[in-house]
Amino acid sequence: AQTVTQSQPEMSVQEAETVTLSCTYDTSESDYYLFWYKQPPSRQMILVIRQEAYKQQNATENRFSVNFQKAAKSFSLKISDSQLGDAAMYFCAYRRGYNFNKFYFGSGTKLNVKP
Amino acid sequence: EPEVTQTPSHQVTQMGQEVILRCVPISNHLYFYWYRQILGQKVEFLVSFYNNEISEKSEIFDDQFSVERPDGSNFTLKIRSTKLEDSAMYFCASRGDRGDPNQPQHFGDGTRLSIL
């Protein structure tokens, strides 16, 4: 069964500093996708970044980057130059390969950004 | 930018009553989803819907639940005979482009359902 684990319920970072959010997952599949979603207090979940398992290169999206360790089944999110607007719940999510719809979410990490 | 909209934002219902949660997906999207998030717990997949039928559902989505796309714009989740444990935040999501499942799911703001 696929599971996604986020072991950090809450983290804090100083504005302009860098923070890393951890995520591990369990799967027997070789083809899958990993995602980080951000859920601000306004509640709408927004896709932050996506990683295809078959790609060795870590995905990057502006100040957001991932460290994808396939063998270790680890998928951490690094936020550089943290901004106040980054404060939110962050969910790691897993989806099986190309033709599957179902997402498996982690329990979330609440990120606080201190001015 | 187009958004997924959900109404109401908060629904309070007596246990045993039926409730309908409404969603308006992004207009050209073809795949629709419902998720729920019980307070303090992770987001859980309920059901996906494509071409006017359920394409996948979780073990949570039992006979108490049903989905419908009644008029080509709304996508509804009906919960019959609600239970206390149905209290949760319910998220609707939609995705476009039948040719590319890598298109991201767009989520609505959610409806908080409180069962009394």
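Relevant structure appears above.
Residues numbered from 1 in each chain as written. Chains lettered and ligands numbered in written order. Predicted model: local features only at pLDDT ≥ 70, side-chain atom pairs only at ≥ 80, totals over all residues. Heavy atoms only, no water.

Below, the discussion takes up the interface of chain A and chain B. Taken together, the 19 residues of chain A in the interface contact 29 residues of chain B. Summed over both sides, the interface between chain A and chain B buries roughly 2100 Å², with carbon and sulfur atoms accounting for 48% of that surface. Applying the counting criterion to the chain A and chain B interface returns 1 residue pair in polar contact (both at pLDDT 80 or more). Of all the secondary structure elements, the ones that give two or more residues to the side of chain A that touches chain B are strand S5 (32-39), strand S6 (46-52), strand S10 (88-96) and strand S11 (103-105) of chain A. (Contact = heavy atoms within 4.5 Å. Buried area = accessible area lost by both parts, 1.4 Å probe. Polar contact = N/O pair within 3.5 Å; in protein donor to acceptor, adjacent residues only side chain to side chain. Helix = DSSP H or I, 4+ residues; strand = E, 2+ residues; numbered from the N terminus.)

Counting across every chain of the model gives 2 disulfides over all chains. Each disulfide pairs two cysteine sulfurs, and for Cys23 of chain A the partner residue is Cys92 of chain A, the sulfurs being separated by 2.0 Å. Since a negative S-S torsion denotes a left-handed disulfide, the Cys23 of chain A-Cys92 of chain A link at about -70° is left-handed. Linking Cys23 of chain A in the loop between strand S3 (19-21) and strand S4 (24-26) with Cys92 of chain A in strand S10, this pair joins segments that are 69 residues apart in sequence. Here Cys23 of chain B connects covalently by a disulfide to Cys92 of chain B, the sulfurs 1.9 Å from one another. Here the S-S torsion is close to -65°, and the disulfide linking Cys23 of chain B with Cys92 of chain B is therefore left-handed. Separated by 69 residues along the polypeptide, Cys23 of chain B in strand S3 (residues 19-24) and Cys92 of chain B in strand S9 (residues 88-95) bring together distant segments of the chain. In terms of burial, Cys23 of chain B and Cys92 of chain B fall into one category: buried. (Disulfide = S-S within 2.5 Å. Buried < 20%, exposed > 50% of the residue type's maximum accessible area, 1.4 Å probe, protein only.)

Turning our attention to the packing of aromatic side chains. Aromatic ring pairs: the centre-centre distance and the angle between the two ring planes describe each pair. Per the stated rule, a full pass over the model turns up 23 aromatic pairs over all chains. With a centroid separation of 5.9 Å and an interplanar angle of 25°, the aromatic rings of Phe103 of chain A and Phe105 of chain A are classed as stacked. Classification of Phe103 of chain A as buried rests on a relative accessible area of 3%. Counting every residue linked through ring pairs, the aromatic cluster contains Phe35, Tyr37, Phe91, Phe103 and Phe105 of chain A together with Tyr33, Tyr35, Phe45 and Phe107 of chain B. The side chain of Arg95 of chain B reaches across the aromatic face of Tyr31 of chain B, ending 4.0 Å from its centre. (Phe/Tyr/Trp six-rings, centres within 6.5 Å; stacked < 30°, edge-to-face > 60°. Lys NZ or Arg CZ within 6 Å of the ring centre and 35° of its normal.)

A word on the side chain of Asp86 of chain A. Position of Asp86 of chain A relative to the elements: it lies in the loop between strand S9 (74-79) and S10. Judged by relative accessible area, Asp86 of chain A falls into the buried class, the value being 3%.

Another aspect to go through is the nonpolar core. Residue and element names in this part refer to chain A. Counting residues in hydrophobic clusters, the biggest one holds 26 residues, and the most contacted among them are Leu21, Tyr25, Trp36, Phe75, Leu77, Tyr90 and Leu111. Only strand S2 (10-14), S3, S5, S6, strand S8 (64-69), S9, S10 and strand S12 (109-114) provide two or more residues apiece to this core. Broken down by element, the residue count for this core peaks at 4 residues, all from S10. If we ignore the near neighbours within four places in the chain, the residues touching Tyr90 are Gln6, Leu21, Trp36, Tyr37, Lys38, Val48, Phe64, Leu77, Ile79, Gly108, Thr109 and Leu111. (Core = buried A, V, L, I, M, F, W, Y, C linked by side-chain atoms within 4.5 Å.)

The next subject is the sheet that holds strand S8 (residues 75-79) of chain B. Residue and element names in this part refer to chain B. Taken together, the 4 strands give an open sheet; going across it, the order is S1-S3-S8-S7, and neighbouring strands pair in antiparallel fashion. Looking at which strands have only one partner, the edges of the open sheet turn out to be strand S1 (5-7) and strand S7 (65-68). Strand-to-strand twist in this sheet, taken as the mean axis angle between neighbours without regard to direction, amounts to 20°. Relative to S3, S1 runs antiparallel, the two sharing 3 bridges. Bridge pairing in S3 links Gln6 to Cys23. (Pairing = 2+ DSSP bridges. Axes fitted to C-alpha atoms, helices over the stretch in contact; angles between N-to-C directions.)

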